[in-house]
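One letter stands for each residue in the lines below.
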Amino acid sequence: MSLDDLHLNLRNLTADDYPQLKALMDKVYDDIGGAWPELTIDKLVSEFPDGQLLIEDDKTIVGVALTALVDYDEFSNPHKYDDLIGHREVILNDLDGDAMYGLDVLIDPDYRGYRLGRRLYEARKELCRSMNLRAILAGGRIPEYHQHADDLSPSEYIEKVSRKEIHDPILSFQLANDFLVKRLLRKYLPEDEKSQGFATLLEWNNILYEPAERVLESRRTQVRVGAVQWQMREFDSVETVLQQVEYFVDALSGYQSDFAVFPELFNAPLMGLQDRAAQRDQLAAIRFLSGFTERFKTELSRMAVSYNINIVAGSMIEEAEDGKLYNIAYLCHRDGTLERQAKLHITPQERRDWVIEGGDDLRVFDTDAGRVGIQICYDVEFPELSRLLAEQDMDILFVPFWTDTKNGYLRVRHCAQARAIENECYVVLCGSVGNVPSIENLDIQYAQSSVFSPSDFAFPHDAVLAETTPNTEMIMFSDLDLTRLTVVRSEGSVTNLKDRRKDLFDLRWRDWSWKSGANLEDN
C-alpha cells in the first residue's frame, strides 16, 4: 500500500461503528473467540466514550483501542481477565476508577508497519493525563511463548523479550511504548493457548497525577522568577540601600513574580560608611558589615510579606556567637518564615582577607512555588552539592554570585549551566555589576545574570531561558514550568538522574551533628 493512498483519521468509537469493529476483531482475534458482542461495545461506548479510540482510513476502521476505568489498587494486583467481565459479557467499567485499563489494541494486518498502534497508545496517554488518572494498566498476552515453553519459564521468556533476545509481537510493542512489566499473571486468559494462560501485568505511570484530595492544595506548576542585576555604588546610609532594595522588590512584585533574587553580598558597599583608613583592616571592615545583617533580615522579611513575594536575599555576612564569620543567603518566605543557607566553599580571597568560615549544612527549601536550593557563587563549582539537592527533588537552584572579572564569571556560569543539565532543574544566576573604587575590595564587578534549563526539546535550543545585558543594572524575568521538569526527568531524550549507575557509585552527606554536641550513640 502506498503512503500516498493513506487518509488516516483518529477519533472516538461510536455505536454505529460496531459492524466494522466486529469484522476487524474477528479477523485479528480468530484464535481467542473473535469480537465482543454488540451489547458489550454499546455499554462501553455509553459509559466511557473518550476511552474508545479508533483510526480510520477513508472511513474504513483499521485500528482500535478499547479501554475501561478501574480501581488502581484492585487491578494493579494479581487478577484474571474475567475480573473485568460481568453478566452477559458486560465490561465492568468503574465510573469512579482512578486508572485506565487497556482492554484491546488491534491493528488490521494490512496496515501493520505504519505505527498505528503507537498513535493509539499516545492518545491513551494524553487522555490519562487530561483526566488526572493514576496509570494505564493492561494484561498483555505473550503469544510467542508457546514456541519457547519447553526451554524457558514465563519469567525467563519475559526477561529475554525485554533484552530483545526474543521478539514477542505484543510484549515487545508494549515495552517500546514505555510500559513496564509489573508482575506475571497466571491463568489470566485460559483459552489463550499460545500464551499458555500467562500474561504480563503492564503499567504506564502518569507522572503528572495528583490525588483528588490534594488537587486543591497541589504545588504550583508555573513559577515566575525575577532577578536583580544589582549595581554596586556608594551609599550614604543603610536607609538608602534598603530604599533601593524595596524599589526593586516593589517592581518585581508588580510583575507578579514568585521570587525576587539579589546577588551575593549586595550590601557590601556599606563598608564605605567607614573612612578609607579603617577599611584597610579587611577583617575589621567585614565585621563592620556584619553589624547590619540583622536589620536587613528584618526589613527583607517585612518586604516579602508586604509585597507577597519570596525573596532570595543574595547573601550577607553573619557573625556567630563564637565570633566566626559566615557568608549566609537568606530565604524570606512571603508567609514571614526566614530560612538560611551558608556558603560552604570559601574562596581563597574570602578566607585570606576576611577569614570567612564555610558552613556545614545543605538543604532543599519547600516554598509555595516549588522546592528550591541555594548555592552561593563558588559552591556551584562543586557538582556534588547540586546532586545532593537534586536527590531531594529540587526544582530551582538559586545562585547569587559576585565576580570581578569575566573569566571568574564564566567559571560560575558554565558550572551553573552544567548543574541545570545534569540535575534536570532550573538554575537562576544573579550577580552584581559596577565599580566602587573608593571602597577596598569593591574595585570592579562583572556579571550577566541568567536562567538556565535542562537541554531537551521542551526547553530553549541553547538551554538559556533568560539573560541580562552584561554589566548593566536591570531586572530580569523568567517563567519556569515545573511540569516540564517532571516530564523530562521521566521521558526526556536522556534521563540523567534515572540513568545513574548506583551499582557503581553513590553520594552521601556526612553527619556533622557531633559538631553541635549531639550524642550519636543515642540516635
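Higher on the page you've got the structure.
About the cut-offs
- Residues numbered from 1 in each chain as written.
- Predicted model: local features only at pLDDT ≥ 70, side-chain atom pairs only at ≥ 80, totals over all residues.
- Heavy atoms only, no water.
- Helix = DSSP H or I, 4+ residues; strand = E, 2+ residues; numbered from the N terminus.
- Buried < 20%, exposed > 50% of the residue type's maximum accessible area, 1.4 Å probe, protein only.
- Contact = heavy atoms within 4.5 Å.
- Areas by Shrake-Rupley, 256 points an atom, 1.4 Å probe, with all protein chains shown as cover.
- Lys, Arg positive; Asp, Glu negative; His and termini not counted.
- Charge placed at Lys NZ, Arg CZ, Asp CG, Glu CD.
- Salt bridge = Lys/Arg side-chain N within 4 Å of Asp/Glu carboxyl O.
- Polar contact = N/O pair within 3.5 Å; in protein donor to acceptor, adjacent residues only side chain to side chain.
- Phe/Tyr/Trp six-rings, centres within 6.5 Å; stacked < 30°, edge-to-face > 60°.
- Pairing = 2+ DSSP bridges.
- Axes fitted to C-alpha atoms, helices over the stretch in contact; angles between N-to-C directions.
- Arc of directions from axis to C-beta.

Caption draft 1: The overall build of the protein, seen in detail. Helix and strand counts for the protein come out as 14 helices and 22 strands. For the C-alpha atoms alone, the extent of the protein along its principal axes is close to 95 × 55 × 45 Å. For the protein, with 523 residues in total, the buried portion stands at 50%. Taking the contacts inside the protein whose residues are at least 6 apart along the sequence as the reference set, 70% of them involve residues at least 24 apart. Approximately 24,700 Å² of the protein is accessible, and the part contributed by carbon and sulfur atoms is 47%. Put simply, the protein has 57 plus and 91 minus side-chain charges, and the middle of one group is 3 Å from the middle of the other.

Caption draft 2: Region of the structure containing the environment of C415. Inspection of the secondary structure puts C415 in helix α13 (residues 406-423). When neighbours within four sequence positions are excluded, C415 is seen to be in contact with V380 and E381.

Caption draft 3: Focus on the pattern of salt bridges. A full pass over the atoms with the stated rule returns 38 salt bridges. As a salt-bridge pair, E56 and R11 come within 3.1 Å of each other at their nearest N and O atoms. You can see E56 sitting in strand β2 (residues 53-57) and its partner R11 sitting in strand β1 (residues 8-12), a full 45 residues away along the chain. For E56, a relative accessible area of 6% translates into the label buried. The exposure class assigned to R11 is partly exposed, which follows from its relative accessible area of 25%. Two residues, K22 and D26, come together in a salt bridge whose shortest N-O distance is 2.8 Å. One end of the pair, K22, and the other, D26, are both in helix α1 (residues 18-28), four residues apart, so they sit about a helical turn from each other. Taking relative accessible area as the criterion, D26 reaches 30% and is therefore assigned partly exposed. Several salt bridges share partner residues, and in doing so they unite E159, K160, R163 and E165 into one network.

Caption draft 4: The arrangement of the side chain of E264 in detail. With respect to the helices, strands and loops of the structure, E264 is situated in the loop between β9 (259-261) and α8 (276-279). Relative accessible area serves as the criterion here: at 2%, E264 is assigned to the buried category. Reaching out from E264, the side chain makes a polar contact with the side chain of N327 at a distance of 2.9 Å. With near-sequence residues (within four places) excluded, E264 lies in contact with M232, G314, S315, N327, K343, E350, I376, C377, P400, F401, W402 and C430.

Caption draft 5: Region of the structure containing the packing of aromatic side chains. Summed over all chains, the structure comprises 22 aromatic pairs. Considering the side-chain rings of Y121 and F179, the 5.4 Å spacing of their centres and the 75° angle between planes classify their relative orientation as edge-to-face. Placement of Y121 in helix α4 (residues 116-130) and of F179 in the loop between α6 (171-176) and β6 (180-185) is noted, with a sequence separation of 58 residues between them. Of the two residues examined, Y121 and F179, each falls in the buried class. When the centroid spacing of 6.1 Å and the interplanar angle of 35° are considered together, the rings of W354 and W402 count as tilted.

Caption draft 6: Here's a closer look at the sheet that holds strand β7 (residues 199-205). With mixed pairing, the seven strands of this open sheet are ordered in space as β1-β2-β3-β4-β5-β7-β6. Both outer strands of the open sheet, β1 and β6, are each paired with one neighbouring strand and no more. For this sheet the average axis-to-axis angle between neighbouring strands, irrespective of direction, equals 25°. Looking at chain direction, strand β4 (residues 99-107) and strand β5 (residues 135-141) are connected through three bridges and run parallel. In the strand pairing of β5, Y101 is matched with L137.

Caption draft 7: Examining helix α2 (residues 38-47) more closely. Those residues of α2 lying buried are T40, I41, L44 and V45. All buried residues of α2 project into a common sector of 125° when viewed along the axis, lining one side. Considering only its buried residues, α2 is in contact with α1, β3 (60-70) and β4.

Caption draft 8: Structural context of the sheet that holds strand β16 (residues 370-374). Within the open sheet, the six strands sit side by side as β15-β16-β17-β18-β20-β21. Their pairing is mixed. Each of the sheet's edge strands pairs with one partner strand only, and the pair in question is β15 (365-367) and β21 (464-467). Taken over all neighbouring pairs, the strand axes of this sheet differ in orientation by 20° on average, direction set aside. Strands β17 (396-400), β18 (426-430), β20 (450-452) and β21 of the sheet are contacted by α13, whose axis makes an angle of about 165° with β18.

Caption draft 9: Quick peek at unusual backbone geometry. With a phi close to 75°, K59 is a non-glycine residue in the positive phi region. Within the fold, K59 resides in the loop between β2 and β3. What makes K59 exposed here is its relative accessible area of 64%. In this structure, A463 takes a positive phi of about 60° despite not being glycine. Relative to the helices and strands, A463 is located in the loop between β20 and β21.

Caption draft 10: Region of interest: the pairing of β7. The buried fraction of β7 is high, at six of seven residues. Where β5 lies against β7, seven bridges are found, and the strand directions are antiparallel. Across the sheet, R141 pairs through a bridge with A199, a residue of β7. Relative to β7, β6 runs antiparallel, the two sharing five bridges. Looking at β7, one finds that V181 is bridged to L202.

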